[in-house]
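Structure at a glance
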Amino acid sequence: MFTQTLLTGLAIGGIYALMAVGYSLVFSILNFSNFAYGSIIMLGAYIGYYAMVRMGMPIGLAIAVSIVGSGLLCWLNERLAYAPLRKRKASSLFFMISAMGTSIFLENLVYATIGARFYNFPELFAKSNLEFRGISIGVLDVFAMVFSFVAIYGLNLFLQKSRTGIAIRAASYDIEVCSLNGVNIAALIGLVFGLAGALAGISGMFLGMKYIVYPTMGWITNKAYIAAVIGGLGSLPGAVVGGVLLGVLETFVSAYVSSVVRDVFSFSLLVLLLMVMPTGLFGRFLEEKV
Amino acid sequence: MTQYLSGILSLGLIYVIATVGLAVFTGFTGLFSLGHAAFFAIGAYTAAILTYFYGVNFYLALAAAGVMSGLVGFLIGYPTLKAKLRTDYFAIATLGFGEATRVLLENLSITQGARGLPGITNYTTLPVIIVIAALVIWVAWNFVHSRHGRAAIAIREDFVAAEMMGVNIFIGRLRSLIFSAACGGIAGGLFAHYFCFIQPSMFTAYMSTQLTAAVVAGGMGSISGPVMAALIFIGVPELLRVANIWRLVAYGLLLVLIMIFRPQGLLGYREISLSGIRDFFARFRKGARS
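Procedures and definitions
- Residues numbered from 1 in each chain as written.
- Chains lettered and ligands numbered in written order.
- Predicted model: local features only at pLDDT ≥ 70, side-chain atom pairs only at ≥ 80, totals over all residues.
- Heavy atoms only, no water.
- Helix = DSSP H or I, 4+ residues; strand = E, 2+ residues; numbered from the N terminus.
- Rg over C-alpha atoms; globule rule 2.2 N^0.38 Å.
- Buried < 20%, exposed > 50% of the residue type's maximum accessible area, 1.4 Å probe, protein only.
- Contact = heavy atoms within 4.5 Å.
- Areas by Shrake-Rupley, 256 points an atom, 1.4 Å probe, with all protein chains shown as cover.
- Lys, Arg positive; Asp, Glu negative; His and termini not counted.
- Charge placed at Lys NZ, Arg CZ, Asp CG, Glu CD.
- Salt bridge = Lys/Arg side-chain N within 4 Å of Asp/Glu carboxyl O.
- Polar contact = N/O pair within 3.5 Å; in protein donor to acceptor, adjacent residues only side chain to side chain.
- Nonpolar A, V, L, I, M, F, W, Y, C, P; charged D, E, K, R; others polar.
- Patch = residues over 30% accessible without salt bridge, like charges linked within 9 Å, V, L, I, M, F, W, Y side chains within 5 Å.
- Phe/Tyr/Trp six-rings, centres within 6.5 Å; stacked < 30°, edge-to-face > 60°.
- Lys NZ or Arg CZ within 6 Å of the ring centre and 35° of its normal.
- Axes fitted to C-alpha atoms, helices over the stretch in contact; angles between N-to-C directions.
- Parallel < 35°, antiparallel > 145°, perpendicular 65-115°, else oblique.

1. Notes on the overall build of chain A
Helix and strand content of chain A: 11 helices and two strands. Reading the helices (α) and strands (β) of chain A from amino to carboxyl end gives α-α-α-α-β-β-α-α-α-α-α-α-α. Expected size for 290 residues packed as a compact globule is a radius of gyration near 19 Å; at 19 Å, chain A falls within 12% of this value. Across its three principal axes, chain A shows a C-alpha extent of roughly 60 × 45 × 40 Å. For chain A, the proportion of its 290 residues judged to be buried stands at 56%. Partitioning the intrachain contacts of chain A with sequence separation of at least 6 by distance along the chain shows that 75% fall at a separation of at least 24. Accessible surface computed for chain A: about 11900 Å², of which carbon and sulfur atoms make up 68%. For chain A, the separation between the mean place of its 17 positive charges and that of its 11 negative charges on side chains is 7 Å.

Right under this line is the structure:
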């Protein structure tokens, strides 16, 4: 029972971590909460669904389409909703409102056009389980977990080793100085949003396959915000730790206490942690810049 | 037809009460509450349970609704504001609070869970709403034009400087939050006795969104602006019979467009007034342009 719960928790935690990393990546550069990210993930799931079910693509290709589609959407989101504010050097409050607006707009646009219907991915692995010493875990869970961690590792490699990755990390410390050193900030920010969108595509696909595809599925991504805050906004290792931690703890609460108190638990955990550690586990921003 | 119009006005004014509360908090302290529907829900349930199960006088029940929501506001605000959370962290904490409240309401026995409370007596009439709305606006007006209000504005504009001048940031923000929560609670109590039926799914994040949209569109730092915006937001779509879902699409788009083209909102920091107050606000106009 214990190992079983732990594995399930890790599988969910992997997806949470993936979403939290995408969210934290944007935060680390522009220093605001991109609340539109949940909607991008939701759209990623829809794109994946259309590619796979309506157009009959194989799963690998569908994931690729979803990654590219969400990446473009996220990039477009930045160009249309944030770039004008960035040019005006608006405060992060305005970015946040704009992000909220985008999220409400996208979510309800899907409602109004595609409708509130639930869509199911075909049962590729859902029914099959791996059995090992009495512990059973869904193949999808294993796949999602492995894929999530590989994606996060790949991103980490990119940020640590490549020239562009170094520029992104530099910009997350000080965007002005980075710009003075000849980095094209507008292109860099576009790239960061594209990357975050790509992660959104992957997590959207997995969320869609694990649960169902519907307009408010972006709600699950609130867990990613919570995970990112627990880990410390703007810190990528923090986002991973926060995501995995939240996934595992939640699964234990559902398994041993009750699934009803699960969401109340996540929230209380967040508030309690912030009271003790206002920056989260690995955060580096204590207070806002005035 | 008169009945139809009075219905729209009643609903509009109930929202005005809650919006004024949020305007005092978000507009004057710069902190975002994404879970304000929770205060509305707590007020609605408190008042409804009191009149429904215990036969308490309606006005006493309304007062109790305000007190209860204020108390919950205090319980939520004390730890989160004490920790001086960043705007983003606070917003996410309130988001979780809103959702956690709904889950609790769905699972308590006194609230009859997701089935809701049917058959609440219809005590809320248009004259009652008008009197209470006028009272709340009057109190809010005095609140923001008092020492406390000026302190709150100082906190929003530059909290470091405000703290240096001896403004207690924690008390200033907490006081505004409690006032705001109490307004939400009273609006909730009126709402419950107007529709005669409440259930947890009425108080979703969409309600919070609508309130926030009204405050932002009306102008952060204004009372009359959000009042007008709330009336427009309820009245216009209702009169035009726009499908509910397209309203939310429009709200989302509106928030983004306002942030891009007119971040200070409809009225900015100004109020509709005959004279006198203009000089007071002229000092802040410079801030509004940036």
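Next comes the rest of the description.
2. Details of the interface of chain A and chain B
Listed as interface residues are 49 residues of chain A and, on the opposing side, 43 residues of chain B. Across the contact surface, chain A and chain B share zero salt bridges. In this structure, the connection of chain A to chain B is made through two residue pairs in polar contact (both at pLDDT 80 or more). Going through the elements one at a time, α1 (2-30), α3 (59-87), α4 (92-113), α9 (221-231) and α11 (262-276) of chain A are the ones with two or more residues in the side of chain A that touches chain B. Considering every element that reaches the side of chain A that touches chain B, the biggest residue donor is α4(A), with 16 residues. Partitioning the side of chain A that touches chain B into residue classes produces 34 nonpolar, 11 polar and four charged.

3. Focus: the side chain of Ser39(A)
Residue and element names in this part refer to chain A. Summarising the element assignment, Ser-39 is placed in helix α2 (residues 37-54). The exposure class of Ser-39 is buried, given its relative accessible area of 1%. If we ignore the near neighbours within four places in the chain, the residues touching Ser-39 are Ser-103 and Leu-106.

4. Some thoughts on a nonpolar patch on the surface
Residue and element names in this part refer to chain A. Judged by side-chain polarity, Val-241, Leu-245, Leu-249, Leu-272, Met-275, Val-276, Met-277, Leu-281 and Phe-282 come together as a nonpolar surface patch covering roughly 750 Å² of accessible area. Of all the elements in the fold, those that place two or more residues in the nonpolar patch are α10 (236-256) and α11. Position of Leu-281 relative to the elements: it lies in the segment after α11. Its relative accessible area of 30% is what places Leu-281 among the partly exposed residues.

5. What about the pattern of salt bridges?
Residues and elements named next belong to chain A. The final tally for this structure, using the stated rule, is five salt bridges over all chains. Between Glu-78 and Arg-86 there is a salt bridge, and its shortest N-O distance comes to 2.9 Å. Per residue, the accessibility class of Glu-78 equals that of Arg-86, and both read buried. Lys-223 is paired through a salt bridge with Glu-250; the nearest N and O atoms lie 3.4 Å apart. One end of the pair, Lys-223, is in helix α9; the other, Glu-250, is in helix α10, and 27 residues separate them in sequence. Take Lys-223 and Glu-250: they sit in the same class, and that class is buried.

6. Notes on the packing of aromatic side chains
The tally for this structure, following the rule as stated, stands at 31 aromatic pairs over all chains. Sitting above the plane of the Tyr211(A) ring, Lys210(A) keeps its charged end 5.9 Å from the centroid.

7. Some remarks on the packing of helix α5 (residues 139-161) of chain A against helix α8 (residues 185-210) of chain A
Residue and element names in this part refer to chain A. Interaxial distance between α5 and α8 falls to 10 Å at its minimum, and their mutual angle equals 175°. Between α5 and α8, the angle is such that the two are roughly antiparallel. Contact residues: α5 offers Leu-140, Asp-141, Phe-143, Ala-144, Phe-147, Ser-148, Ala-151, Leu-155 and Phe-158, while α8 offers Leu-191, Leu-195, Leu-199, Ile-202, Phe-206, Met-209 and Lys-210. Broken down by class, the residue content of the contact of α5 with α8 amounts to 13 nonpolar, one polar and two charged.

8. Some words on the environment of Gly204(A)
Residues and elements named next belong to chain A. As for its placement among the helices and strands, Gly-204 is situated in helix α8. Classification of Gly-204 by relative accessible area gives buried; the value is 0%. Between the alpha carbons of Gly-204 and Tyr-46 there is a distance of 8.0 Å; along the sequence they are 158 residues apart. Apart from the residues within four sequence positions on either side, Gly-204 is in contact with Ile-41, Ala-45 and Met-217.

Shape descriptors only; they carry no functional weight alone.
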